[in-house]
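In case you want the letters, here they are:
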Amino acid sequence: MYRRRDTERARLVAEIAGDLRRYSSDAQHIGHAFAALHGLNATDLQALIAVMDAELAGDPITAGRLGAQLGLSSGSVTALVDRLERAGHLRRDRATADRRKVLLRYADRGAALATAFFGPLGTRTDAVVAGFTDDELQVVHRFLRTMAESTREYRDEVRAARTEPSRDRS
C-alpha cells in the first residue's frame, strides 16, 4: 500500500507500515520453513499457533473455538486435530471442571520440535527487546496489540464478505 510521505509523520507512518509488512512476510517464511520441515500445511501451522496462544493465555482452546478462529467447518477441524494428534503435535485433554469439554494442548513432541526450531529466534528476540526501556516496551506493546486487533477485525470482515451468498444482479 502506498502512503503519502509529505510530512515527517507521514514518512514515519509509511516506514512503520513497511516494517510491519516485512516483519509479517519474514515471519511467514519462517513459519512455512517449520511447516515444510515437519510435513505441515499452512492451516496446520495456524492451528498450532492458536493452540499455543490459548495455552499461554491460560485458556486452552477447544476444537469448536479453533474452528471458529480458523474459519473451518466442524468436520475440517476434526480432520485437522486428528492429523496433528497422530503426528505428535497436539493432544486432547478432558477439562477437569467439565469432563465433556475437550481441550487441545501441545503434545510434548510438538513442543520439543517447536522449541528446537524457534529457540534461536527467541534468543534474537530477547536481544532486541533488551535494547528498549520498560516505558518504550509499553508503547510498542500497545501499538502491536491494537494493530493485531485491527487486523483481526478486518480479517473477520473479509471472511464474512467471502462467505456471503452472491447476489444475482441480472
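Our structure's up above, just so we're on the same page.
I will try to describe carefully the structure that is included in this document. The shown structure was predicted, so the numbers you read here are calculated from the model rather than taken from an experiment. (Residues numbered from 1 in each chain as written. Predicted model: local features only at pLDDT ≥ 70, side-chain atom pairs only at ≥ 80, totals over all residues. Heavy atoms only, no water.)

Another point: the overall build of the protein chain. Within the protein chain one finds 6 helices and 3 strands. Sorting the 170 residues of the protein chain into buried and exposed places 21% on the buried side. Intrachain contacts of the protein chain at a sequence separation of at least 6 include 44% that bridge at least 24 residues. For the protein chain, the exposed surface amounts to about 12,500 Å²; the carbon and sulfur share of it is 55%. With 27 positive and 24 negative side-chain charges, the protein chain shows a separation of 4 Å between the mean positions of the two kinds. (Helix = DSSP H or I, 4+ residues; strand = E, 2+ residues; numbered from the N terminus. Buried < 20%, exposed > 50% of the residue type's maximum accessible area, 1.4 Å probe, protein only. Contact = heavy atoms within 4.5 Å. Areas by Shrake-Rupley, 256 points an atom, 1.4 Å probe, with all protein chains shown as cover. Lys, Arg positive; Asp, Glu negative; His and termini not counted. Charge placed at Lys NZ, Arg CZ, Asp CG, Glu CD.)

The final tally for this structure, using the stated rule, is 11 salt bridges. For the salt bridge of D156 with R155, the shortest nitrogen-to-oxygen distance reads 2.9 Å. The class of R155 is partly exposed, set by a relative accessible area of 29%. Where salt bridges share partners, they join E55, R91, D93 and R105 into one cluster. (Salt bridge = Lys/Arg side-chain N within 4 Å of Asp/Glu carboxyl O.)

Our next topic: the sheet that holds strand β3 (residues 102-106). Taken together, 3 strands build an open sheet; the order of strands is β1-β3-β2 and the sheet is antiparallel. Strand pairing shows two members of the sheet lacking a second neighbour, β1 (61-62) and β2 (90-94), which therefore form its edges. Pairing analysis gives 5 bridges linking β2 to β3, with the strands arranged antiparallel. Following the sheet pairing, L90 is matched in β3 by Y106. (Pairing = 2+ DSSP bridges.)

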